[in-house]
Amino acid sequence: MAQLAQGQRLTLPITSTQGYYLSTSGAAIVRVTPSNGGAFVVTIGNNETDVGWYGFDASLELVAQSGVLTYNTTPSALTAIQLGDQRDSDPVDLALAVNGLISGVSAARVIKTAAIGDSRLANSVQNQTAGGITKLNWSNQGVIYWLNMFLNQRLDIRAESVFAVSGSTTSQILLQVPSAISSGCKICFINGGTNDLSASGTIATADAAFNNLTSAAAQLVEAGILPVIECDMPRTAASWTANASKLSAYLNRKLRVWCKEVGIPFADFEARYVKADGDPQTGYNVADGIHQSCTGAVVRANAYAAALQDYLTPYTLKTGTPLDVYDASFFPSGNLLSVGLMLGTGGTNTGTGASGSVSTGWQNRIVSGTGTAVASKESPRTDGALGDRLVVALSATTAITYRLSPANIVTTGKLVSGDQVCAEMDFEITALAGSIDYIRLFLQDFDGVTAGSTSVTGKDVFATGLNPLPLVPLPNNTGSGNLYTTLAGRIKTEVVVIGQTITSTELILRLEAGLNVAASCTFKIGDVVIRKLGS
(Lines give C-alpha, C1' and ligand atoms only; values in the text may rest on other atoms or scores of the structure.)
Protein backbone atom coordinates (compact mmCIF):
# COMPACT_ATOMS: atom_id res chain seq x y z
CA MET A 1 0.00 0.00 0.00
CA ALA A 2 1.10 3.61 -0.60
CA GLN A 3 -0.17 7.01 0.47
CA LEU A 4 -0.81 10.45 -0.98
CA ALA A 5 -0.83 13.49 1.28
CA GLN A 6 -3.24 16.38 0.86
CA GLY A 7 -2.69 18.18 -2.44
CA GLN A 8 -0.57 15.41 -3.98
CA ARG A 9 -1.66 13.66 -7.16
CA LEU A 10 -0.75 10.48 -9.00
CA THR A 11 -1.88 8.88 -12.29
CA LEU A 12 -2.29 5.10 -12.47
CA PRO A 13 -3.13 3.08 -15.60
CA ILE A 14 -5.88 0.44 -15.49
CA THR A 15 -7.30 -2.07 -17.95
CA SER A 16 -10.93 -2.80 -18.71
CA THR A 17 -11.18 -5.31 -15.84
CA GLN A 18 -8.83 -3.83 -13.22
CA GLY A 19 -9.13 -1.20 -10.53
CA TYR A 20 -7.39 0.07 -7.42
CA TYR A 21 -8.37 -0.35 -3.79
CA LEU A 22 -8.54 3.05 -2.11
CA SER A 23 -9.20 4.30 1.39
CA THR A 24 -9.02 7.75 2.91
CA SER A 25 -9.21 9.45 6.29
CA GLY A 26 -10.53 12.60 4.67
CA ALA A 27 -11.70 13.05 1.09
CA ALA A 28 -10.09 12.38 -2.25
CA ILE A 29 -10.88 13.10 -5.88
CA VAL A 30 -10.39 10.38 -8.49
CA ARG A 31 -10.60 11.38 -12.15
CA VAL A 32 -11.22 8.42 -14.46
CA THR A 33 -10.19 8.97 -18.09
CA PRO A 34 -11.53 6.18 -20.40
CA SER A 35 -9.63 5.19 -23.52
CA ASN A 36 -12.53 6.32 -25.71
CA GLY A 37 -12.29 9.89 -24.45
CA GLY A 38 -14.08 12.00 -21.91
CA ALA A 39 -13.60 11.74 -18.16
CA PHE A 40 -15.50 11.01 -14.98
CA VAL A 41 -14.92 12.46 -11.52
CA VAL A 42 -15.39 10.36 -8.37
CA THR A 43 -15.31 11.89 -4.90
CA ILE A 44 -14.41 9.49 -2.08
CA GLY A 45 -15.03 10.62 1.45
CA ASN A 46 -14.15 8.65 4.59
CA ASN A 47 -14.66 5.28 2.99
CA GLU A 48 -12.89 2.57 1.08
CA THR A 49 -13.64 1.16 -2.31
CA ASP A 50 -12.33 -0.39 -5.49
CA VAL A 51 -12.27 2.23 -8.26
CA GLY A 52 -12.10 1.25 -11.91
CA TRP A 53 -13.87 1.50 -15.23
CA TYR A 54 -15.23 -1.90 -16.12
CA GLY A 55 -15.32 -2.39 -19.88
CA PHE A 56 -12.79 0.33 -20.80
CA ASP A 57 -9.08 0.83 -20.56
CA ALA A 58 -8.50 4.02 -18.61
CA SER A 59 -6.24 5.94 -16.28
CA LEU A 60 -6.93 7.05 -12.72
CA GLU A 61 -5.68 10.42 -11.59
CA LEU A 62 -5.64 10.39 -7.79
CA VAL A 63 -5.70 13.65 -5.83
CA ALA A 64 -5.81 13.76 -2.03
CA GLN A 65 -8.26 16.60 -1.44
CA SER A 66 -7.89 16.40 2.34
CA GLY A 67 -6.62 13.92 4.88
CA VAL A 68 -4.57 10.99 3.57
CA LEU A 69 -5.40 8.79 0.59
CA THR A 70 -4.18 5.20 0.80
CA TYR A 71 -4.08 3.10 -2.35
CA ASN A 72 -2.82 -0.28 -3.39
CA THR A 73 0.15 -0.27 -5.73
CA THR A 74 -1.07 -3.25 -7.75
CA PRO A 75 -4.42 -3.18 -9.57
CA SER A 76 -6.99 -5.76 -8.56
CA ALA A 77 -9.61 -7.53 -10.65
CA LEU A 78 -12.97 -5.80 -11.11
CA THR A 79 -16.33 -7.37 -11.76
CA ALA A 80 -19.21 -5.74 -13.59
CA ILE A 81 -20.96 -5.06 -10.28
CA GLN A 82 -17.94 -3.12 -9.04
CA LEU A 83 -18.47 -0.68 -11.86
CA GLY A 84 -20.80 0.90 -9.34
CA ASP A 85 -17.79 2.00 -7.33
CA GLN A 86 -17.34 4.80 -9.84
CA ARG A 87 -20.40 6.35 -8.30
CA ASP A 88 -20.95 9.80 -6.91
CA SER A 89 -19.37 11.88 -9.58
CA ASP A 90 -18.86 15.14 -7.77
CA PRO A 91 -22.42 16.59 -7.79
CA VAL A 92 -21.20 20.17 -7.84
CA ASP A 93 -18.83 19.64 -10.77
CA LEU A 94 -21.42 17.67 -12.71
CA ALA A 95 -24.19 20.19 -11.99
CA LEU A 96 -21.98 22.97 -13.33
CA ALA A 97 -21.31 20.92 -16.46
CA VAL A 98 -25.03 20.23 -16.96
CA ASN A 99 -25.86 23.91 -16.55
CA GLY A 100 -23.33 24.68 -19.25
CA LEU A 101 -25.24 22.42 -21.67
CA ILE A 102 -28.69 23.86 -21.10
CA SER A 103 -28.37 27.10 -23.06
CA GLY A 104 -26.82 25.33 -26.05
CA VAL A 105 -29.56 22.69 -26.14
CA SER A 106 -32.50 25.04 -25.58
CA ALA A 107 -31.27 27.46 -28.25
CA ALA A 108 -31.57 24.81 -30.98
CA ARG A 109 -34.84 24.57 -32.85
CA VAL A 110 -34.67 20.88 -33.76
CA ILE A 111 -32.27 18.89 -31.61
CA LYS A 112 -30.59 15.68 -32.72
CA THR A 113 -31.38 13.00 -30.15
CA ALA A 114 -30.17 9.45 -29.47
CA ALA A 115 -31.23 6.70 -27.07
CA ILE A 116 -29.38 3.98 -25.12
CA GLY A 117 -30.89 1.30 -22.92
CA ASP A 118 -32.67 -2.04 -22.99
CA SER A 119 -35.71 -3.46 -24.84
CA ARG A 120 -38.07 -0.84 -23.46
CA LEU A 121 -36.40 1.75 -25.67
CA ALA A 122 -35.21 -0.71 -28.33
CA ASN A 123 -38.80 -1.71 -29.09
CA SER A 124 -39.55 1.83 -30.24
CA VAL A 125 -37.98 0.62 -33.49
CA GLN A 126 -39.16 -2.36 -35.53
CA ASN A 127 -37.58 -4.08 -38.52
CA GLN A 128 -39.69 -4.55 -41.61
CA THR A 129 -38.65 -6.32 -44.81
CA ALA A 130 -40.24 -5.50 -48.16
CA GLY A 131 -38.88 -6.16 -51.63
CA GLY A 132 -35.79 -7.72 -50.05
CA ILE A 133 -34.93 -4.51 -48.17
CA THR A 134 -35.03 -4.24 -44.39
CA LYS A 135 -36.13 -0.87 -43.01
CA LEU A 136 -36.32 0.49 -39.49
CA ASN A 137 -39.75 1.78 -38.52
CA TRP A 138 -41.46 3.24 -35.46
CA SER A 139 -43.79 1.17 -33.27
CA ASN A 140 -46.77 2.71 -31.47
CA GLN A 141 -45.84 0.53 -28.49
CA GLY A 142 -42.63 2.54 -28.33
CA VAL A 143 -42.15 5.70 -26.30
CA ILE A 144 -40.36 7.52 -29.14
CA TYR A 145 -43.32 7.24 -31.52
CA TRP A 146 -45.53 9.15 -29.09
CA LEU A 147 -42.83 11.56 -27.94
CA ASN A 148 -42.24 12.56 -31.56
CA MET A 149 -45.95 13.20 -31.90
CA PHE A 150 -46.45 15.12 -28.64
CA LEU A 151 -43.43 17.36 -29.22
CA ASN A 152 -44.45 18.16 -32.81
CA GLN A 153 -41.12 16.81 -34.12
CA ARG A 154 -39.06 19.32 -32.13
CA LEU A 155 -36.51 16.58 -31.56
CA ASP A 156 -34.73 14.92 -34.48
CA ILE A 157 -35.05 11.31 -33.29
CA ARG A 158 -34.15 8.83 -36.00
CA ALA A 159 -34.39 5.06 -35.86
CA GLU A 160 -30.68 4.65 -36.57
CA SER A 161 -29.89 6.72 -33.46
CA VAL A 162 -31.64 4.29 -31.12
CA PHE A 163 -28.71 2.25 -29.77
CA ALA A 164 -30.70 0.45 -27.06
CA VAL A 165 -30.44 -3.35 -27.21
CA SER A 166 -32.99 -5.83 -25.90
CA GLY A 167 -31.79 -7.68 -22.81
CA SER A 168 -29.03 -5.20 -21.95
CA THR A 169 -27.93 -4.87 -18.36
CA THR A 170 -26.76 -1.47 -17.15
CA SER A 171 -23.11 -2.47 -17.55
CA GLN A 172 -23.84 -3.31 -21.19
CA ILE A 173 -25.74 -0.04 -21.58
CA LEU A 174 -22.53 1.75 -20.61
CA LEU A 175 -20.93 0.21 -23.68
CA GLN A 176 -23.60 1.90 -25.85
CA VAL A 177 -22.40 5.36 -24.80
CA PRO A 178 -19.64 5.68 -27.44
CA SER A 179 -22.20 5.07 -30.20
CA ALA A 180 -24.41 7.82 -28.83
CA ILE A 181 -21.46 10.20 -28.63
CA SER A 182 -20.42 9.35 -32.19
CA SER A 183 -23.95 10.03 -33.48
CA GLY A 184 -23.51 13.77 -32.95
CA CYS A 185 -26.58 14.01 -30.72
CA LYS A 186 -27.20 16.85 -28.27
CA ILE A 187 -29.69 14.92 -26.11
CA CYS A 188 -29.55 11.21 -25.21
CA PHE A 189 -32.27 9.16 -23.50
CA ILE A 190 -31.15 6.51 -20.99
CA ASN A 191 -33.23 3.69 -19.55
CA GLY A 192 -32.25 0.48 -17.81
CA GLY A 193 -32.29 -1.53 -14.60
CA THR A 194 -34.82 -4.28 -15.03
CA ASN A 195 -32.30 -6.75 -16.50
CA ASP A 196 -29.95 -6.28 -13.53
CA LEU A 197 -32.50 -7.03 -10.82
CA SER A 198 -33.84 -10.47 -9.96
CA ALA A 199 -35.18 -12.64 -7.14
CA SER A 200 -31.64 -13.08 -5.86
CA GLY A 201 -30.77 -9.40 -6.24
CA THR A 202 -29.60 -7.30 -3.33
CA ILE A 203 -29.16 -3.64 -2.50
CA ALA A 204 -25.64 -3.99 -3.92
CA THR A 205 -27.12 -5.08 -7.25
CA ALA A 206 -29.38 -2.01 -7.40
CA ASP A 207 -26.51 0.24 -6.28
CA ALA A 208 -24.37 -1.10 -9.11
CA ALA A 209 -27.19 -0.44 -11.62
CA PHE A 210 -27.50 3.10 -10.27
CA ASN A 211 -23.79 3.68 -10.63
CA ASN A 212 -23.77 2.35 -14.20
CA LEU A 213 -26.63 4.60 -15.29
CA THR A 214 -25.21 7.69 -13.63
CA SER A 215 -21.77 6.88 -15.04
CA ALA A 216 -23.30 6.75 -18.52
CA ALA A 217 -24.95 10.11 -17.88
CA ALA A 218 -21.69 11.64 -16.69
CA GLN A 219 -19.83 10.42 -19.80
CA LEU A 220 -22.49 12.04 -21.97
CA VAL A 221 -22.25 15.33 -20.07
CA GLU A 222 -18.47 15.27 -20.47
CA ALA A 223 -19.02 14.87 -24.23
CA GLY A 224 -21.36 17.88 -24.30
CA ILE A 225 -24.57 15.83 -24.48
CA LEU A 226 -27.57 16.37 -22.19
CA PRO A 227 -28.76 13.01 -20.78
CA VAL A 228 -32.39 12.33 -19.90
CA ILE A 229 -32.66 9.41 -17.48
CA GLU A 230 -35.88 7.44 -17.31
CA CYS A 231 -37.12 5.71 -14.17
CA ASP A 232 -37.07 1.91 -14.28
CA MET A 233 -40.48 0.90 -15.56
CA PRO A 234 -42.58 -1.18 -13.14
CA ARG A 235 -43.42 -4.71 -14.13
CA THR A 236 -45.76 -7.30 -12.66
CA ALA A 237 -44.62 -9.36 -9.66
CA ALA A 238 -45.72 -12.43 -11.64
CA SER A 239 -43.11 -11.64 -14.31
CA TRP A 240 -40.48 -10.86 -11.67
CA THR A 241 -40.62 -11.04 -7.86
CA ALA A 242 -41.88 -8.74 -5.15
CA ASN A 243 -38.30 -8.26 -3.93
CA ALA A 244 -37.09 -7.26 -7.39
CA SER A 245 -39.94 -4.75 -7.58
CA LYS A 246 -38.81 -3.23 -4.30
CA LEU A 247 -35.23 -3.00 -5.61
CA SER A 248 -36.57 -1.27 -8.72
CA ALA A 249 -38.37 1.29 -6.55
CA TYR A 250 -35.15 1.74 -4.54
CA LEU A 251 -33.19 2.31 -7.77
CA ASN A 252 -35.76 4.85 -8.94
CA ARG A 253 -35.53 6.79 -5.70
CA LYS A 254 -31.73 6.99 -5.97
CA LEU A 255 -31.97 8.13 -9.60
CA ARG A 256 -34.66 10.69 -8.73
CA VAL A 257 -32.56 12.24 -5.97
CA TRP A 258 -29.34 12.19 -8.02
CA CYS A 259 -30.93 13.80 -11.07
CA LYS A 260 -32.42 16.54 -8.92
CA GLU A 261 -29.03 17.10 -7.26
CA VAL A 262 -27.09 17.53 -10.48
CA GLY A 263 -29.84 19.05 -12.65
CA ILE A 264 -30.25 16.21 -15.14
CA PRO A 265 -33.79 15.77 -16.57
CA PHE A 266 -35.57 12.73 -15.11
CA ALA A 267 -38.51 11.14 -16.94
CA ASP A 268 -40.47 10.07 -13.88
CA PHE A 269 -43.76 8.26 -14.36
CA GLU A 270 -43.40 5.68 -11.57
CA ALA A 271 -46.16 6.98 -9.28
CA ARG A 272 -48.60 7.25 -12.18
CA TYR A 273 -47.72 3.77 -13.43
CA VAL A 274 -48.15 1.71 -10.23
CA LYS A 275 -51.29 0.42 -8.51
CA ALA A 276 -51.65 0.05 -4.74
CA ASP A 277 -50.46 -3.57 -4.92
CA GLY A 278 -47.23 -2.56 -6.70
CA ASP A 279 -48.16 -3.97 -10.10
CA PRO A 280 -48.48 -1.72 -13.16
CA GLN A 281 -51.87 -0.15 -13.82
CA THR A 282 -54.15 -2.48 -15.76
CA GLY A 283 -53.41 -2.32 -19.46
CA TYR A 284 -50.13 -0.40 -19.15
CA ASN A 285 -47.99 -3.49 -19.80
CA VAL A 286 -48.58 -6.23 -22.36
CA ALA A 287 -49.23 -9.85 -21.42
CA ASP A 288 -45.57 -10.60 -20.57
CA GLY A 289 -45.76 -8.10 -17.71
CA ILE A 290 -42.40 -6.64 -18.73
CA HIS A 291 -42.94 -4.39 -21.74
CA GLN A 292 -45.29 -1.46 -22.11
CA SER A 293 -48.47 -1.49 -24.11
CA CYS A 294 -49.41 1.38 -26.35
CA THR A 295 -51.01 3.04 -23.32
CA GLY A 296 -47.88 2.55 -21.22
CA ALA A 297 -45.80 4.05 -24.01
CA VAL A 298 -47.97 7.17 -24.01
CA VAL A 299 -47.56 7.55 -20.24
CA ARG A 300 -43.77 7.22 -20.61
CA ALA A 301 -43.73 9.69 -23.51
CA ASN A 302 -45.62 12.25 -21.45
CA ALA A 303 -42.99 11.90 -18.71
CA TYR A 304 -40.19 12.48 -21.23
CA ALA A 305 -42.04 15.49 -22.65
CA ALA A 306 -42.46 16.96 -19.16
CA ALA A 307 -38.77 16.39 -18.34
CA LEU A 308 -37.73 18.14 -21.56
CA GLN A 309 -40.18 21.02 -21.43
CA ASP A 310 -37.69 23.55 -20.03
CA TYR A 311 -35.16 22.72 -22.75
CA LEU A 312 -37.31 23.04 -25.86
CA THR A 313 -38.51 26.10 -27.70
CA PRO A 314 -42.12 26.13 -29.01
CA TYR A 315 -41.36 25.28 -32.61
CA THR A 316 -42.71 22.89 -35.20
CA LEU A 317 -41.98 22.19 -38.85
CA LYS A 318 -45.09 22.86 -40.91
CA THR A 319 -45.89 23.10 -44.62
CA GLY A 320 -46.93 26.70 -44.08
CA THR A 321 -48.47 28.06 -47.31
CA PRO A 322 -49.94 26.94 -50.64
CA LEU A 323 -46.65 28.09 -52.23
CA ASP A 324 -44.76 25.32 -50.45
CA VAL A 325 -45.03 22.92 -53.38
CA TYR A 326 -42.21 21.14 -55.22
CA ASP A 327 -40.70 22.86 -58.25
CA ALA A 328 -37.58 21.41 -59.83
CA SER A 329 -36.13 24.84 -60.61
CA PHE A 330 -37.45 27.13 -57.90
CA PHE A 331 -38.40 24.94 -54.92
CA PRO A 332 -36.68 21.51 -55.05
CA SER A 333 -37.30 20.96 -51.31
CA GLY A 334 -41.00 21.87 -51.57
CA ASN A 335 -43.88 19.58 -50.71
CA LEU A 336 -44.04 16.74 -53.23
CA LEU A 337 -47.75 16.44 -52.42
CA SER A 338 -49.81 19.24 -53.97
CA VAL A 339 -52.95 18.54 -51.87
CA GLY A 340 -51.38 18.67 -48.41
CA LEU A 341 -53.43 21.58 -47.07
CA MET A 342 -56.63 19.47 -47.32
CA LEU A 343 -58.58 22.21 -49.15
CA GLY A 344 -61.87 21.80 -51.02
CA THR A 345 -64.50 19.06 -51.05
CA GLY A 346 -63.80 17.38 -54.39
CA GLY A 347 -62.47 14.12 -52.95
CA THR A 348 -64.09 10.71 -53.31
CA ASN A 349 -65.62 8.01 -51.10
CA THR A 350 -64.85 4.41 -52.04
CA GLY A 351 -66.36 1.21 -50.69
CA THR A 352 -69.47 0.51 -48.63
CA GLY A 353 -69.71 2.71 -45.55
CA ALA A 354 -67.53 5.63 -46.71
CA SER A 355 -69.41 8.92 -47.04
CA GLY A 356 -69.30 12.67 -46.51
CA SER A 357 -67.22 15.62 -47.75
CA VAL A 358 -63.64 14.66 -48.57
CA SER A 359 -60.75 17.05 -49.26
CA THR A 360 -60.01 17.55 -52.95
CA GLY A 361 -57.45 15.09 -54.23
CA TRP A 362 -58.05 12.55 -51.43
CA GLN A 363 -59.85 9.22 -51.22
CA ASN A 364 -61.84 8.06 -48.15
CA ARG A 365 -62.10 4.26 -48.11
CA ILE A 366 -63.05 1.24 -46.01
CA VAL A 367 -60.80 -1.47 -47.40
CA SER A 368 -62.33 -4.42 -45.58
CA GLY A 369 -64.93 -5.24 -42.95
CA THR A 370 -68.23 -3.58 -42.15
CA GLY A 371 -68.48 -0.10 -40.67
CA THR A 372 -68.70 3.57 -41.48
CA ALA A 373 -66.16 6.29 -42.32
CA VAL A 374 -67.98 9.63 -42.36
CA ALA A 375 -65.83 12.51 -43.63
CA SER A 376 -66.33 16.21 -43.01
CA LYS A 377 -64.25 19.38 -43.28
CA GLU A 378 -62.92 21.72 -40.63
CA SER A 379 -62.54 24.96 -42.57
CA PRO A 380 -60.84 26.98 -41.33
CA ARG A 381 -58.80 24.92 -38.85
CA THR A 382 -59.82 25.57 -35.25
CA ASP A 383 -56.17 25.55 -34.10
CA GLY A 384 -55.39 28.66 -36.18
CA ALA A 385 -53.02 26.92 -38.61
CA LEU A 386 -53.26 27.54 -42.35
CA GLY A 387 -55.40 25.32 -44.52
CA ASP A 388 -58.19 22.92 -43.56
CA ARG A 389 -58.39 19.67 -41.67
CA LEU A 390 -60.20 16.57 -42.83
CA VAL A 391 -62.31 15.02 -40.06
CA VAL A 392 -63.19 11.31 -40.27
CA ALA A 393 -65.49 9.54 -37.80
CA LEU A 394 -64.84 5.79 -37.87
CA SER A 395 -67.11 3.12 -36.44
CA ALA A 396 -66.71 -0.64 -36.85
CA THR A 397 -69.57 -3.16 -36.88
CA THR A 398 -67.12 -5.93 -37.69
CA ALA A 399 -63.36 -5.43 -37.71
CA ILE A 400 -62.44 -2.87 -40.38
CA THR A 401 -59.35 -1.69 -42.18
CA TYR A 402 -59.58 1.97 -43.14
CA ARG A 403 -57.44 3.97 -45.57
CA LEU A 404 -57.12 7.64 -46.48
CA SER A 405 -54.81 8.41 -49.38
CA PRO A 406 -54.17 11.03 -52.07
CA ALA A 407 -55.79 10.15 -55.38
CA ASN A 408 -52.53 10.69 -57.27
CA ILE A 409 -49.17 9.26 -56.35
CA VAL A 410 -45.90 11.14 -56.66
CA THR A 411 -44.53 9.94 -59.99
CA THR A 412 -41.26 9.65 -61.84
CA GLY A 413 -39.79 13.05 -62.72
CA LYS A 414 -39.80 14.51 -59.22
CA LEU A 415 -37.64 11.73 -57.75
CA VAL A 416 -34.44 9.98 -58.72
CA SER A 417 -32.60 7.04 -57.23
CA GLY A 418 -30.83 8.05 -54.03
CA ASP A 419 -33.28 10.79 -53.02
CA GLN A 420 -34.17 10.74 -49.32
CA VAL A 421 -37.79 11.54 -48.51
CA CYS A 422 -40.14 11.39 -45.54
CA ALA A 423 -43.78 12.19 -44.88
CA GLU A 424 -45.45 13.89 -41.92
CA MET A 425 -48.79 15.34 -40.92
CA ASP A 426 -50.66 17.08 -38.12
CA PHE A 427 -52.84 14.54 -36.40
CA GLU A 428 -55.52 14.60 -33.71
CA ILE A 429 -57.56 11.67 -32.45
CA THR A 430 -60.57 11.85 -30.11
CA ALA A 431 -63.54 9.78 -28.94
CA LEU A 432 -61.62 6.52 -28.73
CA ALA A 433 -63.79 3.54 -27.83
CA GLY A 434 -63.21 -0.19 -28.06
CA SER A 435 -60.05 -1.84 -29.35
CA ILE A 436 -58.25 0.18 -32.02
CA ASP A 437 -55.26 -1.79 -33.22
CA TYR A 438 -53.37 0.97 -34.99
CA ILE A 439 -53.34 4.23 -36.84
CA ARG A 440 -50.25 4.68 -38.96
CA LEU A 441 -48.73 6.89 -41.61
CA PHE A 442 -47.36 4.82 -44.49
CA LEU A 443 -44.87 5.94 -47.14
CA GLN A 444 -43.70 3.49 -49.79
CA ASP A 445 -41.37 3.59 -52.78
CA PHE A 446 -43.17 1.52 -55.41
CA ASP A 447 -42.57 0.56 -59.04
CA GLY A 448 -46.12 -0.58 -59.73
CA VAL A 449 -45.18 -4.25 -59.31
CA THR A 450 -42.82 -4.85 -56.41
CA ALA A 451 -42.78 -3.06 -53.06
CA GLY A 452 -39.40 -1.52 -52.43
CA SER A 453 -38.16 0.57 -49.54
CA THR A 454 -40.96 1.16 -47.04
CA SER A 455 -41.34 3.32 -43.98
CA VAL A 456 -44.20 2.93 -41.57
CA THR A 457 -45.06 4.92 -38.46
CA GLY A 458 -46.55 2.15 -36.35
CA LYS A 459 -46.55 -1.60 -36.63
CA ASP A 460 -47.90 -3.47 -39.63
CA VAL A 461 -49.50 -6.19 -37.51
CA PHE A 462 -50.95 -5.96 -34.00
CA ALA A 463 -52.37 -8.81 -32.00
CA THR A 464 -56.10 -8.19 -31.69
CA GLY A 465 -56.95 -6.41 -28.46
CA LEU A 466 -53.35 -6.52 -27.19
CA ASN A 467 -51.97 -3.20 -28.43
CA PRO A 468 -54.89 -0.84 -28.91
CA LEU A 469 -54.40 2.87 -29.24
CA PRO A 470 -54.79 4.11 -25.71
CA LEU A 471 -57.32 5.85 -23.59
CA VAL A 472 -54.60 7.71 -21.76
CA PRO A 473 -54.92 8.43 -18.04
CA LEU A 474 -54.33 11.79 -16.45
CA PRO A 475 -51.77 11.95 -13.60
CA ASN A 476 -54.41 11.37 -10.90
CA ASN A 477 -55.81 8.28 -12.56
CA THR A 478 -56.46 5.31 -10.29
CA GLY A 479 -57.07 2.81 -13.03
CA SER A 480 -60.42 4.03 -14.28
CA GLY A 481 -61.76 7.35 -15.50
CA ASN A 482 -59.98 10.70 -15.71
CA LEU A 483 -58.93 10.09 -19.28
CA TYR A 484 -57.45 12.37 -21.88
CA THR A 485 -60.06 13.18 -24.48
CA THR A 486 -57.51 14.00 -27.20
CA LEU A 487 -54.18 12.78 -28.51
CA ALA A 488 -52.68 15.40 -30.77
CA GLY A 489 -49.39 16.24 -32.39
CA ARG A 490 -47.43 15.59 -35.54
CA ILE A 491 -46.51 12.14 -36.82
CA LYS A 492 -43.67 11.40 -39.18
CA THR A 493 -42.34 8.42 -41.12
CA GLU A 494 -38.76 7.28 -41.10
CA VAL A 495 -36.62 8.33 -44.08
CA VAL A 496 -37.14 6.41 -47.32
CA VAL A 497 -34.21 6.15 -49.76
CA ILE A 498 -35.58 6.11 -53.30
CA GLY A 499 -34.64 3.60 -55.94
CA GLN A 500 -33.42 0.59 -53.99
CA THR A 501 -34.23 -2.15 -56.56
CA ILE A 502 -36.85 0.21 -58.03
CA THR A 503 -36.96 0.68 -61.80
CA SER A 504 -39.83 3.18 -62.05
CA THR A 505 -39.98 5.40 -59.00
CA GLU A 506 -43.38 6.17 -57.52
CA LEU A 507 -44.39 7.08 -53.97
CA ILE A 508 -47.49 5.85 -52.17
CA LEU A 509 -48.78 7.70 -49.10
CA ARG A 510 -51.53 6.36 -46.84
CA LEU A 511 -53.05 6.98 -43.46
CA GLU A 512 -54.37 3.62 -42.29
CA ALA A 513 -56.34 2.42 -39.28
CA GLY A 514 -57.39 -0.95 -37.93
CA LEU A 515 -60.46 -1.15 -35.68
CA ASN A 516 -61.87 -4.24 -34.01
CA VAL A 517 -65.55 -5.07 -33.50
CA ALA A 518 -67.55 -2.16 -31.99
CA ALA A 519 -64.52 0.16 -31.87
CA SER A 520 -64.80 3.80 -32.91
CA CYS A 521 -62.82 7.03 -33.02
CA THR A 522 -62.67 10.41 -34.70
CA PHE A 523 -59.51 11.85 -36.18
CA LYS A 524 -58.43 15.05 -37.92
CA ILE A 525 -55.50 15.39 -40.28
CA GLY A 526 -53.97 18.42 -41.95
CA ASP A 527 -50.72 19.94 -43.19
CA VAL A 528 -49.61 16.75 -44.93
CA VAL A 529 -46.18 16.84 -46.55
CA ILE A 530 -43.79 14.58 -48.44
CA ARG A 531 -40.44 16.29 -48.65
CA LYS A 532 -36.98 15.56 -50.02
CA LEU A 533 -34.37 15.68 -47.29
CA GLY A 534 -31.40 15.20 -49.59
CA SER A 535 -29.88 12.97 -52.25
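Predicted model only: the values in this text are computed from it and were never measured. One numbering rule holds for all chains: residues counted from 1, following each sequence as written. Only residues with pLDDT of at least 70 get local features here, since the model is predicted, and only at 80 or more are side-chain atom pairs given and counted; chain-wide, interface and lining totals rely on the full set of residues. To obtain the side-chain values, all non-hydrogen atoms of the structure were used and water was disregarded.

Taken in spatial order, the five strands of this open sheet run S13-S10-S14-S15-S16, and their pairing is parallel. Edge positions in the sheet fall to strand S13 (155-162) and strand S16 (266-267), since each of these pairs with one other strand and no more. A pair of strands is considered paired only if DSSP assigns at least 2 bridges between the two. Secondary structure counts use DSSP, requiring at least four H or I residues in a row for a helix and at least two E residues in a row for a strand, with both numbered from the N terminus. Where strand S10 (residues 111-116) and strand S14 (residues 187-190) come together, four bridges link them in parallel fashion. In the strand pairing of S14, Ala114 is matched with Cys188.

Once that is clear, we can look at the packing of aromatic side chains. Any Phe, Tyr or Trp ring, taking Trp's six-membered ring, that has another such ring centre within 6.5 Å forms a pair; planes under 30 degrees apart are called stacked, those over 60 apart edge-to-face, and the others tilted. Per the stated rule, a full pass over the model turns up eight aromatic pairs. An angle of 75° between the planes, with centres 5.0 Å apart, marks the rings of Tyr273 and Tyr284 as edge-to-face. One end of the pair, Tyr273, is in helix H8 (residues 270-273); the other, Tyr284, is in the loop between H8 and helix H9 (294-308), with 11 residues separating them in the sequence. To sort residues, take the accessible area from a 1.4 Å probe on protein chains only and compare it with the maximum for the residue type: under 20% means buried, over 50% means exposed, and anything in between is partly exposed. Classification of Tyr284 as buried rests on a relative accessible area of 3%. Three or more aromatic residues joined by ring pairs make a cluster, and in this case those are Tyr145, Trp146 and Phe150. Here, a charge over a ring means that NZ of Lys or CZ of Arg falls within 6 Å of the ring centre while also lying within 35 degrees of the ring normal. Geometry around Phe210 places Lys254 over its ring, the cationic atom sitting 4.4 Å from the centre.

Below, the discussion takes up the pattern of salt bridges. Salt bridges, as used here, are contacts in which a Lys or Arg side-chain nitrogen is within 4 Å of a carboxyl oxygen on Asp or Glu. Under the counting rule described, the total for this entry stands at 21 salt bridges. Residue Asp156 pairs with Arg158 through a salt bridge whose shortest N-O separation is 3.0 Å. The shortest N-O distance in the salt bridge between Lys532 and Asp419 comes to 3.4 Å. Taken together, the residues span a long stretch of sequence, with Lys532 in strand S29 (residues 520-534) and Asp419 in the loop between strand S22 (400-406) and strand S23 (420-433) at a distance of 113 residues. As far as the burial class goes, Lys532 and Asp419 line up, both buried. Counted as one network, the salt bridges with shared partners bring together Glu378, Arg381, Asp383, Arg389, Glu424, Asp426, Glu428, Arg490, Lys524 and Asp527.

Here an axis means a line fitted to C-alpha atoms, over the contact stretch when the element is a helix, while the angle between two N-to-C directions is reported on a 0 to 180 degree scale. Contact geometry of helix H6 (residues 203-222) with helix H7 (residues 242-262) gives a least axis separation of 9 Å together with a crossing angle of 35°. Regarding H6 and H7, the two cross each other, and that crossing is right-handed. Two secondary-structure elements touch here, H6 through Ile203, Ala206, Asp207, Ala209, Phe210, Leu213, Thr214 and Ala217 and H7 through Leu247, Tyr250, Leu251, Lys254, Leu255 and Trp258. Class assignment of the residues belonging to the contact of H6 with H7 gives a composition of 11 nonpolar, one polar and two charged. The crossing is said to be left-handed when, going from far helix to near helix, the turn is anticlockwise and less than a right angle, and right-handed when the turn is clockwise. Any two residues whose heavy atoms approach within 4.5 Å are treated as being in contact. Each residue is assigned to one class: nonpolar for Ala, Val, Leu, Ile, Met, Phe, Trp, Tyr, Cys and Pro, charged for Asp, Glu, Lys and Arg, and polar for all the others, Gly among them.

It is worth spelling out the pairing of strand S19 (residues 362-368) at this point. Remark: a regular strand shows side chains that alternate across the two faces of the sheet. Bridging between strand S17 (residues 348-350) and S19 involves three bridges; their strand directions are parallel. Note that in S19 the partner of Asn349 across the bridge is Asn364. In this sheet, S22 lies alongside S19 in antiparallel orientation, the contact comprising six bridges. By the bridge assignment for S22, Ile366 is matched with Tyr402.

Further remarks concern the packing of helix H3 (residues 143-150) against H9. The geometry of H3 relative to H9 is characterised by a closest axis approach of 8 Å and an angle of 50° between their N-to-C directions. With respect to H9, the element H3 is oriented oblique. Once H3 is placed against H9, the crossing between them reads as right-handed. Across the interface between the two elements, Val143, Trp146, Leu147 and Phe150 from H3 touch Cys294, Ala297, Val298, Arg300, Ala301, Asn302, Tyr304 and Ala305 from H9. Any angle that is under 35 degrees is reported as roughly parallel, and any over 145 degrees as roughly antiparallel; angles of 65 to 115 degrees are reported as roughly perpendicular and all others as oblique.

So far we have only geometry, and geometry alone does not tell us how the molecule works.
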